[in-house]
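Spelled out from the first residue to the last, the chains are:
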Protein chains: 2
Amino acid sequence: MIESLNSPHIARVKALIGSRGTKERKSSGLFVAEGLQCAREAMVATTGPRIETLYVTPSGRIKVEQISDLGGFNVIEVSDDVMKAMSETITPQGILAVCSIPSNSLESITLNGTRKFVYLSEIQDPGNAGTIIRSADAFGIDAVITSPGSVDLYSPKVVRSTAGSLWHTPVFENIELSTVLALGVQAFTLAAEGQKSLKDLKITKDCVAIFGNEARGLATAQGVSSIEQVKISMPGNAESLNLSAAATIVMYHLANIPSS
Amino acid sequence: MIESLNSPHIARVKALIGSRGTKERKSSGLFVAEGLQCAREAMVATTGPRIETLYVTPSGRIKVEQISDLGGFNVIEVSDDVMKAMSETITPQGILAVCSIPSNSLESITLNGTRKFVYLSEIQDPGNAGTIIRSADAFGIDAVITSPGSVDLYSPKVVRSTAGSLWHTPVFENIELSTVLALGVQAFTLAAEGQKSLKDLKITKDCVAIFGNEARGLATAQGVSSIEQVKISMPGNAESLNLSAAATIVMYHLANIPSS
């Protein structure tokens, strides 16, 4: 059991979740998933990021042993103090998985006429990104794709907000919108000035729902005539919805539209 | 213009947004709304919290003067450094309103057969609470009501997450669920094991959508047979949705159900 607070394991984990974590994650290809919920998905799910090292406290080990045989995993036991030093949270659950970032290629997606994608353009808020991935998982979206300049989907707050959905829904980062549109999918975005209501949107082939930056919206949409603008009817006074709330409504709709 | 970093104005604002802010807000009846968006609503909206003091930097003053004549407000000009010392944010917008917490009474609500309420039971996450108020505003919900033990709706993160909707949608805090049910409203909650799909939910009178704690759900629902359990159909793998995402879908539905 690792008990030294000078252990290089602590430094390694802290580097992956610290303020310079994005750079560290990119160069190492690793990220950190904390807590039982993510560990469960990482151990059990057949898709998504694989576990490189599973750090557990003695009490954390008991919890993960209830999920799965640990024989196939690189498990390192650490003291409660070492876990606390590694962890982002104030009361760590005693389970922290260092996982490898999957090298997803957009080319791995086969279009079949009913695929549904979500594209996030320069989205910044980690809570929004995680919530959108979680909703995408719930509503059977085939992939969540982000543009260059979007929040790092493997940052601790995003990972936590996905509540394990990062192991169910493929994500693709740093993809230009033009690359997605070149797939020949039906593309639409939300816009207050949209002529058509979301309720009346018909999906006729593989499609992508595009969402812009929280404050600035979708800068590229203006020039792209192939992107249909739809609106969510809002009888109330608010100017707009929270981005993840709006995206969730759209995904709920996509899951409930009968295929045509 | 206030330039001293020892000004009691700084201490007063910091007390309202600090770690003991809930207590301070309760005893003073005041809260802090930062930024142009909230200031605009506070100045212009005819409902919601009233401005007690409007702190502005010279550049902040120019922004708010474009919204409204400042004659009717208690405006105090402060230096950029004083604003920075007062503010929660790293790059303050130069506008900070100290507002009075409205003393809303549930009895002020007149039922008319078509009222729609949201009740939050022991909700904890400020981002969720703010997002729900924002969605409630968008979808014309008549009030958002919280239980004892819920997050303080006047905490800085909730206020910010409402994006100004706190000035449109009445909120009522510290109300027991039994008090709401005693109004005789149609009550329903989301439950994974619900027999009826949200899509099939008919609303026949004033209604309340009830949402439980992020982790524990709705503890009180079990014993309350008058609360209908409905579910959001989720074709995907996620166990559940983020609370504010789920609540937003429900409110979207309530806004789109034809009255019967």
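Residues numbered from 1 in each chain as written. Chains lettered and ligands numbered in written order. Predicted model: local features only at pLDDT ≥ 70, side-chain atom pairs only at ≥ 80, totals over all residues. Heavy atoms only, no water.

- The name given to chain A in an unreviewed UniProt entry is RNA methyltransferase, TrmH family, with Candidatus Planktophila vernalis as the source organism.
- Looking at chain A in UniProt, the text filed under Sequence similarities (unreviewed entry) is "Belongs to the class IV-like SAM-binding methyltransferase superfamily. RNA methyltransferase TrmH family." (UniProt positions renumbered as here; feature names shortened; annotations may be inferred.)

Observations concerning unusual backbone geometry
At step 1: Notably, A:E122 is not glycine yet its phi reads approximately 55°, a positive angle.
At step 2: One can find A:E122 in the loop between strand 5 (116–120) and helix 6 (126–138).
At step 3: Its relative accessible area of 34% is what places A:E122 among the partly exposed residues.
At step 4: Positive phi is not limited to glycine here, since B:A163 has a value of about 50°. (Helix = DSSP H or I, 4+ residues; strand = E, 2+ residues; numbered from the N terminus. Buried < 20%, exposed > 50% of the residue type's maximum accessible area, 1.4 Å probe, protein only.)

Some remarks on the sheet that holds strand 1 (residues 30–34) of chain A
Residues and elements named next belong to chain A.
At step 1: The strand order 1-4-2-3 describes an open sheet built from four strands, whose pairing is mixed. What marks the edges here is a single partner per strand, and that holds for strand 1 and strand 3 (75–77). Taking each pair of neighbouring strands and ignoring which way they run, the sheet shows an average axis angle of 20°.
At step 2: Running over the sheet, helix 4 (residues 58–65) touches strand 2 (51–56), strand 3 and strand 4 (95–100) and is turned about 125° from strand 2. (Pairing = 2+ DSSP bridges. Axes fitted to C-alpha atoms, helices over the stretch in contact; angles between N-to-C directions. Contact = heavy atoms within 4.5 Å.)

Observations concerning the pattern of salt bridges
At step 1: Tallied over the entire structure, the rule returns 16 salt bridges over all chains.
At step 2: Linking A:E88 and A:R160 is a salt bridge whose minimum nitrogen-to-oxygen distance equals 2.9 Å. Note that A:E88 is positioned in the loop between helix 5 (80–86) and strand 4 and A:R160 in helix 7 (residues 156–162), a separation of 72 residues in sequence.
At step 3: Residue B:E52 pairs with B:R12 through a salt bridge whose shortest N-O separation is 2.6 Å. Here the residue B:E52 occupies a position in strand 2 (residues 50–56), and B:R12 occupies one in helix 1 (residues 8–17), the gap between them amounting to 40 residues.
At step 4: According to the relative accessible area criterion, B:E52 is partly exposed, its value standing at 32%. (Salt bridge = Lys/Arg side-chain N within 4 Å of Asp/Glu carboxyl O.)

A look at the side chain of B:T53
Residues and elements named next belong to chain B.
At step 1: Examined against the element boundaries, T53 turns out to sit in strand 2.
At step 2: We classify T53 as buried; its relative accessible area is 3%.
At step 3: Of the polar contacts made by the side chain of T53, one reaches the side chain of E52; its length is 2.5 Å.
At step 4: Contact partners of T53, with chain neighbours within four places excluded, come to R12, N74, I76, L96, A97 and V98. (Polar contact = N/O pair within 3.5 Å; in protein donor to acceptor, adjacent residues only side chain to side chain.)

What to know about the environment of A:N213
Residue and element names in this part refer to chain A.
At step 1: Secondary-structure assignment places N213 in the loop between strand 10 (207–211) and strand 11 (227–231).
At step 2: In this structure the C-alpha to C-alpha distance between N213 and L243, which are 30 residues apart in sequence, comes to 8.4 Å.
At step 3: In this structure N213 touches S121, E122 and Q124, once residues within four positions along its chain are discounted.
At step 4: There is a polar contact of 2.8 Å between the side chain of N213 and the backbone nitrogen of R216.

A short note on the interface of chain B and chain A
At step 1: Taken together, the 31 residues of chain B in the interface contact 31 residues of chain A.
At step 2: Broken down residue by residue, the surface that chain B buries against chain A is led by B:R134, B:A138 and B:Y252, which jointly contribute 23%.
At step 3: Here chain B and chain A share zero salt bridges between them.
At step 4: Our enumeration of links across chain B and chain A arrives at 14 residue pairs in polar contact (both at pLDDT 80 or more).
At step 5: At the level of elements, helix 3 (36–44), helix 6 (126–138) and helix 9 (243–256) of chain B are the ones that each hand at least two residues to the side of chain B that touches chain A.
At step 6: At seven residues, the largest contribution of residues to the side of chain B that touches chain A is made by helix 9 of chain B.
At step 7: Along the lines of polarity and charge, the residues of the side of chain B that touches chain A split into twelve nonpolar, 13 polar and six charged. (Buried area = accessible area lost by both parts, 1.4 Å probe. Nonpolar A, V, L, I, M, F, W, Y, C, P; charged D, E, K, R; others polar.)

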